[in-house]
Amino acid sequence: MGFCRKSNAKEGRGKEAVFLRKKITLVRAIALIIGTVIGSGIFIAPKGVLQNSGNVGLSLVVWLACGVLSLFGALSYADLGTSITKSGGHYIYLLETLGPLPAFLRLWAEFVMIRPAVIAVVSLAFGRYLIEPLFAPCHAPALAVKLVTITGISLIIALNCWSVSWSANTQTVLTVLKMVTIGLIIVPGMLVLAEGHYENFQHAFDTSSLALDKLPLAFYSGMFAYSGWFYVNFVTEEIINPERNIPLSLIVSLLIVTLGYLLINVSYYAVLTAEEVLASEAVAVSFADRAFKSISSAIPILVALSCFGSLNGGVFAAARMLFAASREGQWPLLFSMIHRRRNTPFPALLLMLPLIFLVVLIGDLYGLLSFFSFSRWLFIGLVTLGLMIHHYRHPEIPRPFKVPLFIPLVFTIICFFIVGMSLYSDPVNTGISCAITLTGLPVYYLVVQKSRIPTSCSTMFNSITVKLQVLMEVIPQEIQTY
């Protein structure tokens, strides 16, 4: 998986075209999905799910429902990925089904808000788990967490800027460590249950703290933990035999993740009470302190490395959406270029950094979940709505993997319901998210539509692009689909 280079005589002597080969096999696709999905979410979301669902029993139901809902979404995306064979994920599907305006708004929300916020959440979890043991039994200072977070973000961006191979090899190692971490959580919890300790499940569905109006926020936390299954659709053009491997990788990955998440949560509650989960800033650390004190110091480090791996996978996939948008003429050409020696998407990675730092410094972890989830799930719902419209308008298009329409219908309705209810449950964060998304409208009409840009401005933009291209040592890329 990575950028390759070949000579191109048509472009003149000394010039080269840089392209992407089909190198993602079924196993690599499954590793990409699982390695990206299982990151910070399962280690930070249990508190949010429990807090907003009201009791242990309903929180487990939410985790299962989120798994089923994610599978419905994944099946819908498998249909799209095998019929619309371009890379770019959400963006390209909206462009092909609902048109350029929704696609641009998704792109705008992604790189102004969603991507910085997602990276900030995962990185904040990385920072918290890495230094929380140093301050036990007290909570780590927020400033210290954010300083470590910024260091981690800088390292992952530098790694991806330096070498695709290093990034890919790092991802493989971290995925293995991730599975070890999950095993170290599941096994002790199952042993506790085997010994007959069911005390924490005796009043699992106690309704005294139930608040149905907060339930959408519980789904936001749960769906955040499952998010990442759609990243394989970002790299469609790099997947070998996508008609077979996209559906298989999505189905296998979601089944494994759903089972793993349920077992992890059962293990948490087998060892910790609901009150202890709610009081903890790092659930896995509290679990390790209670379950096995002898190696409890290793668990936070393993969790932090898991977050690091998820961050690495997300950053890798994000560059593909930028490339797709640049290719469609909706994003500056500079973002689709790669470093001429490193073969990495240098501008796309580097230019995300200031917004990520800003979001880390001004946001808190759980507030950011609601902040970016509104736009993320609104547009994912629009994608599956677009799938149904595409089925109706273009029945002649071959669909190697065709899902029954009730699957995207159910997924779309639930996405819109959760998004709508969140405006009531958390009007401040979701309102800000909605407003930021809508700021893309004037940008689209004044800047993106080329006919509205004065010739002098176009000349200036082109001049700036050329100067930055020389400064960054980057060149345009091409996609190979053989």
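Residues numbered from 1 in each chain as written. Predicted model: local features only at pLDDT ≥ 70, side-chain atom pairs only at ≥ 80, totals over all residues. Heavy atoms only, no water.

## Side note on the overall build of the protein
So, step 1. A tally of helices and strands in the protein yields 19 helices and five strands.
So, step 2. In the protein, of all internal contacts separated by at least 6 residues, the share reaching a separation of at least 24 is 81%.
So, step 3. Accessible surface, the protein as shown: approximately 19400 Å² in total, 69% of it carbon and sulfur. (Helix = DSSP H or I, 4+ residues; strand = E, 2+ residues; numbered from the N terminus. Contact = heavy atoms within 4.5 Å. Areas by Shrake-Rupley, 256 points an atom, 1.4 Å probe, with all protein chains shown as cover.)

## Brief notes about the packing of helix H8 (residues 215–226) against helix H16 (residues 406–425)
The relative placement of two packed helices is expressed as an angle between their axes plus a distance between the axes.
So, step 1. It is the contact of H8 with H16, at a shortest axis distance of 8 Å, that shows an interaxial angle of 120°. Of the possible angle classes, the one that applies to H8 and H16 is oblique. Regarding H8 and H16, the two cross each other, and that crossing is left-handed. Taking contact as the criterion, the partners of Pro216, Leu217, Phe219 and Tyr220 in H8 are, on H16, Ile418, Val419, Met421, Ser422 and Ser425.
So, step 2. A class-by-class count of the residues in the contact of H8 with H16 yields seven nonpolar, two polar and no charged. (Axes fitted to C-alpha atoms, helices over the stretch in contact; angles between N-to-C directions. Parallel < 35°, antiparallel > 145°, perpendicular 65-115°, else oblique. Left-handed = near helix turned anticlockwise from the far one by under 90°. Nonpolar A, V, L, I, M, F, W, Y, C, P; charged D, E, K, R; others polar.)

## Some remarks on the nonpolar core
So, step 1. Among the nonpolar cores identified, the biggest contains 145 residues, and Tyr91, Tyr129, Trp229, Tyr261, Trp331 and Trp377 are the most heavily contacted of them.
So, step 2. Residue contributions to this core peak at 20 residues, all from helix H5 (residues 100–135).
So, step 3. Apart from residues lying up to four places away in sequence, Trp229 is in contact with Ile33, Val37, Ser70, Gly73, Ala74, Tyr77, Leu250, Leu254, Trp377 and Phe411. (Core = buried A, V, L, I, M, F, W, Y, C linked by side-chain atoms within 4.5 Å. Buried < 20%, exposed > 50% of the residue type's maximum accessible area, 1.4 Å probe, protein only.)

## Description of the pattern of salt bridges
So, step 1. With the rule as written, the count across this model stands at six salt bridges.
So, step 2. It is possible to trace a salt-bridge network through shared partners that takes in Lys86, Glu96 and Glu328. (Salt bridge = Lys/Arg side-chain N within 4 Å of Asp/Glu carboxyl O.)

## Description of the side chain of Arg376
So, step 1. With respect to the element layout, Arg376 can be found in helix H15 (residues 365–393).
So, step 2. Notably, Arg376 is buried but unbridged: the nearest opposite-charge side chain belongs to Glu110, and the N-O separation is 5.9 Å.
So, step 3. Apart from the residues lying within four places of it in its own chain, the contact partners of Arg376 are Ile114, Val118, Ser227, Phe230 and Tyr231. (Lys, Arg positive; Asp, Glu negative; His and termini not counted.)

## A short note on the packing of aromatic side chains
So, step 1. Tallied over the entire structure, the rule returns 18 aromatic pairs.
So, step 2. Through successive ring pairs, a cluster of aromatic residues spans Tyr77, Tyr93, Trp229, Phe230, Tyr231, Phe234 and Phe411. (Phe/Tyr/Trp six-rings, centres within 6.5 Å; stacked < 30°, edge-to-face > 60°.)

## Comments concerning the environment of Gly67
So, step 1. Mapped onto the secondary structure, Gly67 falls in helix H3 (residues 56–83).
So, step 2. Judged by relative accessible area, which is 3%, Gly67 ranks as buried.
So, step 3. Each C-alpha atom, one on Gly67 and one on Leu255, is 8.0 Å from the other, the two residues being 188 residues apart in sequence.
So, step 4. With residues up to four places along the chain from it excluded, the contact list for Gly67 reads Tyr226, Leu254 and Thr258.

## Regarding unusual backbone geometry
So, step 1. Residue Asn241 is not a glycine yet carries a positive backbone phi of 50°.
So, step 2. Considering the arrangement of structural elements, one finds Asn241 in the loop between H8 and helix H9 (242–271).

## A look at helix H4 (residues 90–97)
So, step 1. Most of H4 is tucked away: seven of the eight residues are buried.
So, step 2. Of the positions making up H4, those classed as buried are His90, Tyr91, Ile92, Tyr93, Leu94, Leu95 and Thr97.
So, step 3. Two residues or fewer past H4, Gly99 is found with a positive phi of approximately 110°.

## Digging into the side chain of Asn312
So, step 1. Relative to the assigned elements, Asn312 resides in helix H12 (residues 298–327).
So, step 2. Beyond its immediate chain neighbours, meaning those up to four positions away, Asn312 contacts Ile156, Leu159, Asn160, Ser167 and Gln171.

## A few points about the environment of Ser76
So, step 1. With respect to the helices, strands and loops of the structure, Ser76 is situated in helix H3.
So, step 2. Between the alpha carbons of Ser76 and Pro247 there is a distance of 9.4 Å; along the sequence they are 171 residues apart.
So, step 3. Here Phe72 takes part through its backbone oxygen, which lies 3.0 Å from a polar atom of the side chain of Ser76. (Polar contact = N/O pair within 3.5 Å; in protein donor to acceptor, adjacent residues only side chain to side chain.)

## Comments concerning the packing of H5 against helix H14 (residues 353–362)
So, step 1. At a closest axis distance of 8 Å, the pairing of H5 and H14 adopts a crossing angle of 60°. As far as their axial angle goes, H14 and H5 are oblique. Crossing angle aside, the handedness with which H5 passes H14 is right-handed. The segment H5 lies against H14, with Phe111, Val112, Pro116, Ala117, Ile119, Ala120 and Leu124 engaging Leu355, Ile356, Val359 and Val360.
So, step 2. Here the residues of the contact of H5 with H14 sort into 11 nonpolar, no polar and no charged.

## Focus: the confidence of the model for the protein
So, step 1. Confidence along the protein averages 81 in pLDDT terms, with 89% of residues attaining 70 or more.
So, step 2. Confidence over residues 1–16 falls short of pLDDT 50; this stretch has 44 contacts with residues more than four positions distant or in other chains. (pLDDT = per-residue confidence, 0-100.)

## Structural notes on a nonpolar patch on the surface
So, step 1. On the surface, Leu248, Val252 and Ile256 cluster together to form a nonpolar patch covering roughly 200 Å² of accessible area.
So, step 2. Along the chain, Val252 turns up in helix H9.
So, step 3. The partly exposed category is assigned to Val252, whose relative accessible area is 31%. (Patch = residues over 30% accessible without salt bridge, like charges linked within 9 Å, V, L, I, M, F, W, Y side chains within 5 Å.)

## A look at the environment of Ala270
So, step 1. Here Ala270 is to be found in helix H9.
So, step 2. Filtering out sequence-adjacent residues up to four positions away, Ala270 remains in contact with Gly189, Val192, Leu193, Asn200 and Phe201.

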